[in-house]
Amino acid sequence: MVDRSQRGKLELTGAETLEFLQGQVTNDVEALEPGRGCYAALLDHKAKLLADMRVLRMADSVWIDCEEVGLPALLKNVRMYSLGRDVKSVDVTAERAILSLIGPAAREALDVAPPEEEHSFVEGEHGIYVATDLGVDVICAAADADAVREALGVEAASEEAAECLRIESGRPRHGFEMTSSTIPQEAGINERAVSFTKGCYVGQETVARLHYRGKPNRFLRGLQLTAPVERGAEIMLGEREVGTIGSTCVSPAHGPIALALVRREASPGDSVTVGPDAVEAAVIELPFTRA
């Protein structure tokens with residue numbers, strides 16, 4: 001169990017909520033049935049990332065949670081552009097907790113299991129149970145979090161351990177690999193976060209043009225390192241800087257590894273050096289779990 005309660009959390013209600021979100025975020029939220037969810041991004045007009053989020057369609061509301069770094073932009077967007085529409089938003093960051101159960105036995109700790117499809121969810125004894133790529137998230141009242149932890153009886157794990165699993169699986173994180181200068185295709189999230197069949201949304205023109213006719217300057221890559229390095233360390237291909245380390249860990253299965261947005265000149269199979277000590281590394285396709 002890893003406590004992810006620091007994530008930003010919003011609840012949206014009102015008859016125009018889904019229609020409003022459809023014009024703001026990258027994925028097809030109007031297509032969601034109650035009990036289903038999706039991953040989506042909020043972009044600026046140049047298709048640069050402002051926030052990424054999980055969107056869940058409840059029976060009579062919409063739940064959104066995002067990285068803490070993305071919450072201010074998300075709040076500003078919802079409150080500014082929903083004016084005059086039947087959309088009400090409440091910041092419930094402090095009132096709700098998110099407890100992530102990670103591992104193949106995650107569902108065994110629950111009284112009822114959610115469907116296998118990522119972002120699908122059910123209501124259980126301890127809150128809302130949401131399927132994730134690595135297990136199940138339990139969303140509950142913050143005031144009940146300690147009691148839920150005790151009732152589930154699952155061993156607590158560190159954020160560092162959870163981050164190692166994320167890095168191994170090759171998923172980028174806002175504030176690490178993804179920043180306000182990142183376009184979704186660069187970060188490799190188009191398949192999960194972007195619908196190319198829905199209507200217009202902010203940043204759509206650039207996203208579609210790059211997808212159908214363009215070629216990004218950077219790609220999300222893995223680095224297989226010969227020694228640990230620090231986050232933010234420069235990645236060099238010969239004499240040219242081609243990126244900086246976004247996330248890094250020492251994996252029990254793969255040794256020192258990292259994620260980074262790397263310029264396209266550095267292709268999988270190329271050798272690069274990292275940081276002031278010129279640590280040698282190989283550029284690889286993600287995820288590490290298939291390497």
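Since the structure is predicted, the reported quantities are computational estimates derived from the model, not experimental observations.

Conventions we followed
- Residues numbered from 1 in each chain as written.
- Predicted model: local features only at pLDDT ≥ 70, side-chain atom pairs only at ≥ 80, totals over all residues.
- Heavy atoms only, no water.
- Salt bridge = Lys/Arg side-chain N within 4 Å of Asp/Glu carboxyl O.
- Helix = DSSP H or I, 4+ residues; strand = E, 2+ residues; numbered from the N terminus.
- Buried < 20%, exposed > 50% of the residue type's maximum accessible area, 1.4 Å probe, protein only.
- Pairing = 2+ DSSP bridges.
- Arc of directions from axis to C-beta.
- Contact = heavy atoms within 4.5 Å.
- Phe/Tyr/Trp six-rings, centres within 6.5 Å; stacked < 30°, edge-to-face > 60°.
- Lys NZ or Arg CZ within 6 Å of the ring centre and 35° of its normal.
- Polar contact = N/O pair within 3.5 Å; in protein donor to acceptor, adjacent residues only side chain to side chain.

Trainee: So what exactly am I meant to see when it comes to the pattern of salt bridges here?
Mentor: Considering all chains together, one arrives at 25 salt bridges under this definition. The shortest N-O distance in the salt bridge between Arg 149 and Asp 3 comes to 2.4 Å. On the criterion of sequence distance, the pair formed by Arg 149 in helix H3 (residues 145-152) and Asp 3 in strand E1 (residues 2-3) is long-range, its members being 146 residues apart. Salt-bridge contacts for Arg 7 lead to Asp 65; the nearest nitrogen and oxygen are separated by 2.8 Å. Residue Arg 7 is located in the loop between E1 and strand E2 (8-13), and its partner Asp 65 is located in strand E5 (residues 62-66); the two are separated by 58 residues in the primary sequence. Overlapping salt bridges bring together Arg 4, Arg 7, Arg 54, Asp 65, Glu 67, Asp 137, Glu 159, Glu 163, Arg 166, Arg 173 and Glu 177 as one network.

Trainee: What is the right way to look at the pairing of strand E4 (residues 49-57) in this model?
Mentor: Sheet faces and side chains relate simply in a regular strand, where the side chains alternate between the two faces. In terms of burial, E4 is largely enclosed, as seven of its nine residues are buried. The turn joining strand E3 (residues 37-43) and E4, which pair antiparallel and follow one another in sequence, is formed by five residues; a positive phi near 70 degrees is taken by Ala 47. Where E4 and E5 come together, five bridges link them in antiparallel fashion. By the bridge assignment, Met 53 is partnered in E5 with Cys 66. Counted along the chain from E4 to the antiparallel partner E5, the turn is four residues long.

Trainee: Help me understand H3, please; the structure alone is not making it clear to me.
Mentor: Helical geometry: 3.6 residues make up each α-helical turn, so side chains three or four residues apart lie on a common side. Among the residues making up H3, those that are buried are Ala 145, Val 148 and Leu 152. Projected down its long axis, H3 carries its buried residues within an arc of 60 degrees, all on one side. Facing away from the buried side of H3, by more than 90 degrees, are the exposed residues Asp 146 and Glu 150. Where H3 is buried, its residues touch strand E7 (96-102) and strand E10 (135-141). Positive phi shows up at Gly 153, right after H3, with a value of about 65 degrees.

Trainee: How should the packing of aromatic side chains be read in this particular structure?
Mentor: Tallied over the full model, the rule gives one aromatic pair. Ring centres of Phe 196 and Tyr 212 lie 5.7 Å apart, and the angle between their planes is 70 degrees; on these two criteria the pair is classed as edge-to-face. One end of the pair, Phe 196, is in the loop between helix H5 (190-193) and helix H6 (204-213); the other, Tyr 212, is in helix H6, and 16 residues separate them in sequence. Overall, Tyr 212 belongs to the exposed group, its relative accessible area being 56%. Against the face of Phe 176 rests Arg 166, its NZ or CZ located 5.8 Å from the ring centre.

Trainee: Looking at this structure, how should I read the environment of Glu 19?
Mentor: Along the chain, Glu 19 turns up in helix H1 (residues 17-22). When its relative accessible area of 46% is taken as the criterion, Glu 19 is described as partly exposed. C-alpha of Glu 19 to C-alpha of Cys 164: the two residues are 145 residues apart in sequence and 37 Å apart in space. Not counting chain neighbours up to four residues away, the residues in contact with Glu 19 comprise Glu 30 and Arg 85. Here the side chain of Glu 19 touches Arg 85 through a polar contact of 3.4 Å, side chain to side chain.

Trainee: Help me understand helix H2 (residues 71-81) in this model?
Mentor: Looking only at H2, the buried set comprises Leu 71, Leu 74, Leu 75, Asn 77 and Val 78. Buried residues of H2, viewed axially, fall in a sector of 165 degrees; they line one side. In H2, the exposed positions that point more than 90 degrees away from the buried face belong to Pro 72 and Lys 76. Of the surrounding elements, those touching the buried residues of H2 are E2, H1, E3, E4, E5 and strand E6 (88-91).

Trainee: Can you walk me through the pairing of strand E16 (residues 279-284) in this structure?
Mentor: Pairing of strand E11 (residues 218-225) with E16, which is carried by four bridges, proceeds in the antiparallel orientation. Pairing of Leu 223 across the sheet is with Val 283, part of E16. Here strand E15 (residues 271-274) runs beside E16; their pairing, made up of four bridges, is antiparallel. Bridge pairing in E16 links Val 272 to Ala 281.

Take it as geometry only, folks, not as evidence of what the structure does.
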